[in-house]
Amino acid sequence: MVQHTHPAVIAMNPEELSATCQYIISELGRIETVAGTLAMIEREHYDALNRFDDRALLDLATEEQSAARQLSMVKHVCGELARRMADIQSALERRPEGGEDRAPAH
């Protein structure tokens, strides 16, 4: 798989890259929290609607259950992405000045 680096990323200095990583990690954390909260609410709605003996409400309960599962998946993906961004940020902070990880050619 060929990866292309956006020109704006190439022009960033290590501090800017680290700050951008931190921003992305923070926003992923917020999305993860919102998705988790909404998933919990959807599960509560499913439980409440499932108590009724009404076909329309049972169908709605099934939709709520599906939404809860999808939101839980979003929460999980955000957590994984945040961990990967933290790994990238750590790697950036360990790079020697000048950004090269290999010895110069002679």
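Rules of the game
- Throughout, a residue's number is its position along its own chain's written sequence, starting from 1.
- It should be noted that, the model being predicted, local features are given only for residues of pLDDT at least 70 and side-chain atom pairs only at 80 or more, the latter also being counted only at that level, while totals for whole chains, interfaces and linings use all residues.
- Side-chain figures throughout are based on the complete set of non-hydrogen atoms in the structure, without hydrogens or water.
- Among buried residues, those of type Ala, Val, Leu, Ile, Met, Phe, Trp, Tyr and Cys that are joined through side-chain atoms within 4.5 Å constitute a nonpolar core.
- Burial classes follow relative accessibility: with a 1.4 Å probe on protein chains only, a residue under 20% of its type's maximum area counts as buried, one over 50% as exposed, and anything between as partly exposed.
- Secondary structure elements are defined from DSSP: runs of H or I of at least 4 residues count as helices, runs of E of at least 2 residues count as strands, and each element is numbered from the N terminus.
- Whether two residues are in contact is decided by their heavy atoms, any of which lying within 4.5 Å being enough.
- For patches, a residue must show more than 30% relative accessible area and have no salt bridge; joins then use 9 Å for like charges and 5 Å for nonpolar side chains, namely Val, Leu, Ile, Met, Phe, Trp and Tyr.
- The accessible surface values rely on the Shrake-Rupley method and a 1.4 Å probe; as for residues, cover is taken only from the protein chains in view.
- Criterion for a salt bridge: a side-chain nitrogen of Lys or Arg within 4 Å of a carboxyl oxygen of Asp or Glu.
- Axes, fitted as lines to C-alpha atoms, cover a helix only where it is in contact. Angles between the N-to-C directions of the axes lie from 0 to 180 degrees.
- Any angle between 65 and 115 degrees counts as roughly perpendicular, while under 35 counts as roughly parallel, over 145 as roughly antiparallel, and the rest as oblique.
- Left-handed describes a crossing whose near helix is turned anticlockwise from the far helix through less than a right angle; right-handed describes the clockwise counterpart.
- In this count, Pro and Cys sit with the nonpolar residues alongside Ala, Val, Leu, Ile, Met, Phe, Trp and Tyr, while Asp, Glu, Lys and Arg are called charged and the others, Gly among them, polar.

Novice: What am I meant to see in the nonpolar core here?
Specialist: Proteins that are soluble and globular tend to have nonpolar side chains buried together. Leu 17, Cys 21, Ile 25, Leu 28, Cys 78, Ala 82, Met 85 and Leu 92 form the largest nonpolar core, which has 8 residues in total. Secondary-structure elements contributing two or more residues to this core are helix H2 (14-49) and helix H3 (55-94). What Ile 25 contacts, discounting residues up to four positions off in sequence, is Ala 82, Met 85, Ala 86 and Gln 89.

Novice: Looking at this structure, I do not really get a nonpolar patch on the surface. What am I missing?
Specialist: Together, Ile 31, Met 73, Val 74, Val 77 and Leu 81 give the surface a local cluster of nonpolar side chains, amounting to about 390 Å² of exposed area. At 4 residues, the largest contribution of residues to the nonpolar patch is made by H3. By the secondary structure assignment, Val 74 is in helix H3.

Novice: Explain the packing of H2 against H3 here, please?
Specialist: To characterise two packed helices, one gives the angle between the axes of the helices and the distance between these axes. For the pair H2 and H3, the least separation of the axes is 7 Å and the interaxial angle reads 160 degrees. Classified by the angle between their axes, H2 and H3 sit roughly antiparallel to one another. The crossing of H2 and H3 is left-handed. Taken together, the residues that form the contact of H2 with H3 break down as 26 nonpolar, 9 polar and 6 charged.

Novice: Help me understand the pattern of salt bridges, please; the structure alone is not making it clear to me.
Specialist: A full pass over the atoms with the stated rule returns 3 salt bridges. Across the pair Arg 30 and Glu 27 runs a salt bridge, and its minimum N-O distance is 3.2 Å. Of the two residues, Arg 30 and Glu 27 both sit in helix H2, 3 residues apart, roughly one turn of that helix. A residue is classified by how much of its surface remains accessible, and Glu 27, at 24% relative accessible area, is partly exposed. Of the charged contacts, one joins Arg 55 and Asp 59 as a salt bridge, the two residues approaching to 3.0 Å between their closest N and O atoms.

Novice: Honestly, the side chain of Gln 89 in this entry has me stumped. Any pointers?
Specialist: Relative to the helices and strands, Gln 89 resides in helix H3. We classify Gln 89 as buried; its relative accessible area is 11%. Those residues within four positions of Gln 89 in sequence are excluded, and the remaining contacts are Ser 18, Cys 21, Gln 22 and Ile 25.

Distances and angles like these do not, on their own, reveal function.
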